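Residue-level listing of the chains:
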Amino acid sequence: MTPRTRREFIAVGIGGVATVALGATVWRELLAEDSTGVSGGTRAFSYGPRGAPDANGIRLPEGFQSRVIARGGQVVPGADYSWHEASDGMATFPTDDGGWILVSNSETEDGGASAIRFDADGEIADAYRILDGTEQNCSGGGTPWGTWLSCEEVEHGSVWECDPTGRRKAVRRPAMGTFQHEAAAVDPRGRRIYMTEDLEDGGFYRFTPDSWPDLSSGLLEIAIVDGKGGTTWHEVPDPGAAETPTREQVDGSTAFERGEGIWLDGGTVFVATTSDNRVHAYDVARQRFEILYDGADREEPLLHVDQMTATSAGEIFVCENSDADEMDVGLLSRDGKVAKFLSITGPEHEGSEPTGVIFDPRERRMYVASQRAGEDDEGAIYEISGPFRTASG
């Protein structure tokens, strides 16, 4: 094991953000109303039928395999660190030796976040804690300057900026609001951070730092969306929510029904709302929302949309927030087809849900957690490897 004092510095940029470079045009193609989907008999686009459950209870297409990376409450193989329980949001960060760091939140009362460092061959070199003293850390987002924004999903929750190497202590960012945070997406061009709130009447927020990229102070706003998608932003008078929740401080602020997954591509912010099965797109320049996917109106195998990631090949992988017998990670293509990529099933995963889907910086490996896997619901993270398509073929 490499000592912490010798951990490599994070390379410029982050793999988790770099893999989601899709624009609004692609999404319109993806979710076109006349799409018949895989079940409608159009040309197959998926990775093929899922096979029988493997030793980890995961059904995968031919040529793919899974391995356990970490189990809650157990020592990480190849390291001497006992992994946290209930793994949730994740991101990957390239290192200057050709490896990468995977960060993961813990959605427990003890909260916090941990990291696993991989060498250039994809073998585990180290594992360690990067955040303590928090609770119910759900999702978050990576920054272009190489930090992890870990979000607390509690009424008094905060955003914590974390160093994936663990060298620097995590810092609370109260100016970004005290509310039931879910996820964050950084807009480096507009110099803002967009955030979701996991409540039935949750708001959609943006934070503009006073001095980019210092997140210690700035302006927190909440969105009001009219019937045609036009959006106006209004200052939240008390981001600390000393007396009134942030979502209730601005009259007429729009309720997003359990805003969860979020990412930004160029000038478009994509938002998944779990309760109404929708994917929304916010055009930053036009300040306008569109509903790009409405699962309630489509007979497709993709409901309760949650955390999302994508690849340079234009493929979007979406976790379904479900505790059904089979919990799926779905696949969307550029031309509107929808399919199941993998399913997590079996007694070990009963009552669980897939979380944190993300790729390594080279897009050769997918990481996904089964949040409450195991007899004691401690959770586990899996690495999926196989012939993933990339922009180069």
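Refer to the structure presented above.
Residues numbered from 1 in each chain as written. Predicted model: local features only at pLDDT ≥ 70, side-chain atom pairs only at ≥ 80, totals over all residues. Heavy atoms only, no water.

Caption draft 1: View of the overall build of the protein. Helix and strand counts for the protein stand at two helices and 26 strands. Across the 393 residues of the protein, 60% fall into the buried class. Once local pairs closer than 6 in sequence are excluded, the contacts in the protein between residues at least 24 apart make up 54%. (Helix = DSSP H or I, 4+ residues; strand = E, 2+ residues; numbered from the N terminus. Buried < 20%, exposed > 50% of the residue type's maximum accessible area, 1.4 Å probe, protein only. Contact = heavy atoms within 4.5 Å.)

Caption draft 2: A look at the sheet that holds strand S16 (residues 259-265). Pairing is antiparallel across the open sheet formed by four strands, whose spatial order is S16-S17-S18-S19. On the outer flanks of this sheet lie S16 and strand S19 (288-294), each paired with one strand and no other. When strand polarity is set aside, the average angle formed by the axes of neighbouring strands in this sheet is 20°. (Pairing = 2+ DSSP bridges. Axes fitted to C-alpha atoms, helices over the stretch in contact; angles between N-to-C directions.)

Caption draft 3: Representation of the environment of Pro354 in the model. On the secondary structure map, Pro354 appears in strand S24 (residues 354-359). A C-alpha to C-alpha distance of 9.3 Å links Pro354 and Asp306, two positions 48 residues apart in sequence.

Caption draft 4: Layout of the state of the cysteines. Scanning all chains against the criterion turns up zero disulfides. Free of any disulfide, Cys162 has its nearest neighbouring cysteine sulfur in Cys151, separated by 9.6 Å. (Disulfide = S-S within 2.5 Å.)

Caption draft 5: Spatial organisation of the pattern of salt bridges. With the rule as written, the count across this model stands at 19 salt bridges. For the salt bridge of Arg389 with Glu315, the shortest nitrogen-to-oxygen distance reads 2.5 Å. Within this pair, whereas Arg389 is found in the segment after strand S26 (380-385), its partner Glu315 is found in the loop between strand S20 (305-310) and strand S21 (316-320), the two being separated by 74 residues in sequence. Here Arg389 falls in the partly exposed class, since its relative accessible area comes to 30%. (Salt bridge = Lys/Arg side-chain N within 4 Å of Asp/Glu carboxyl O.)

In short, the description is geometric, and any link to function would need to be established separately.
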